[in-house]
Amino acid sequence: MATDLYFTGDFQNAAFGHKGLRILGAGESSAGSEKFLAIQVVADAQVDFTSAASAGDTTITNLELEAGFIIYGNLTSITVDSGKIVAYLQ
């Protein structure tokens, strides 16, 4: 189960991958209950995801990202249409 990152130690553990990660390739999706704090692109990818942020865009579809790019947020429901990513758990 995901935890909120209210404390510096929790954030640092998550930032260094201590909470775990999922490697997702083309056609794969994250498990329904998982929450993520970052997506790192391993191979050029097109992704869809939902952001649980209180403002801004909350449903992202067909976002094209180049290898090496990292996107941060309070992310859920990740689907990789093409390419490969590493999604870091909260």
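Structure: see above.
In this report, we go over the structure that sits alongside the text. All values reported here derive from a predicted model rather than from experimental measurement.

## Considerations on the overall build of the protein
Across its full length, the protein holds one helix and four strands. Secondary structure of the protein in N-to-C order comes out as α-β-β-β-β. When each of the 90 residues of the protein is scored for burial, the buried share is 31%. When contacts within the protein are restricted to residue pairs at least 6 apart in sequence, those whose partners lie at least 24 apart make up 72%.

## Considering the sheet that holds strand β2 (residues 35-51)
An order of β1-β4-β2-β3 is seen for the four strands of this open sheet, with the pairing classed as antiparallel. The open sheet terminates on both sides in strands that have one partner only, identified here as β1 (21-25) and β3 (59-65). The mean inter-strand angle of the sheet, taken between neighbouring strand axes irrespective of direction, is 30°. As judged from the five bridges shared by β2 and β3, these two strands associate in the antiparallel manner. Note that in β3 the partner of Thr-50 across the bridge is Thr-59.

## A short note on the environment of Leu-89
Mapped onto the elements, Leu-89 comes out in strand β4 (residues 70-89). Residue class for Leu-89 comes out buried when judged on its relative accessible area of 12%. For the pair Leu-89 and Thr-76, spaced 13 residues apart in sequence, the C-alpha to C-alpha distance is 9.7 Å.

What counts and what doesn't
Residues numbered from 1 in each chain as written. Predicted model: local features only at pLDDT ≥ 70, side-chain atom pairs only at ≥ 80, totals over all residues. Heavy atoms only, no water. Helix = DSSP H or I, 4+ residues; strand = E, 2+ residues; numbered from the N terminus. Buried < 20%, exposed > 50% of the residue type's maximum accessible area, 1.4 Å probe, protein only. Contact = heavy atoms within 4.5 Å. Pairing = 2+ DSSP bridges. Axes fitted to C-alpha atoms, helices over the stretch in contact; angles between N-to-C directions.

Purely geometric numbers; function is a separate question.
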